[in-house]
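Geometric and topological summary
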Amino acid sequence: MNKKEILKQIGKNIQNARKEKGYTQETFSELMNVSWSYVAKIESGILNLSIGKIVDFANYLDVNVSELLKIKNS
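Not measured: the values here are computed from a predicted model. (Residues numbered from 1 in each chain as written. Predicted model: local features only at pLDDT ≥ 70, side-chain atom pairs only at ≥ 80, totals over all residues. Heavy atoms only, no water.)

With that settled, the discussion passes to the overall build of the protein. If you tally the helices and strands in the protein, you get five helices and zero strands. Going residue by residue from the N terminus, the α and β elements of the protein occur as α-α-α-α-α. Scaling as 2.2 N^0.38, a compact globule of 74 residues should have a C-alpha radius of gyration of about 11 Å, and the protein matches this with 11 Å. When the backbone C-alpha atoms are referred to their principal axes, the protein occupies close to 30 × 20 × 20 Å. Counting the 74 residues in the protein, one finds 34% classified as buried. (Helix = DSSP H or I, 4+ residues; strand = E, 2+ residues; numbered from the N terminus. Rg over C-alpha atoms; globule rule 2.2 N^0.38 Å. Buried < 20%, exposed > 50% of the residue type's maximum accessible area, 1.4 Å probe, protein only.)

Tallied over the full model, the rule gives two aromatic pairs. When the ring of Phe 28 is compared with that of Phe 57, the centres are 5.5 Å apart and the planes differ by 70 degrees; the resulting orientation is edge-to-face. With Phe 28 in helix H2 (residues 25-32) and Phe 57 in helix H4 (residues 51-61), this pair connects stretches of sequence that are 29 residues apart. Its relative accessible area of 0% is what places Phe 28 among the buried residues. An aromatic cluster of at least three residues, connected via ring pairs, comprises Tyr 23, Phe 28 and Phe 57. (Phe/Tyr/Trp six-rings, centres within 6.5 Å; stacked < 30°, edge-to-face > 60°.)

This is the structure in structure tokens:
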């Protein structure tokens, strides 16, 4: 699995956790104090997240970091 595929999977994990909490991208971005486009780019796998930002996302979504980093082998 290459870096692009991993980023897409992490983005999908974040998107799934966000939706489970009932947040729109816009609402979640306001909560996180980031732009809506930043959240959209993370969820689509375009941007790379620092480990600190992954921890922030996990905390705001009330999930374990491991849930966001879970990679499904294809």
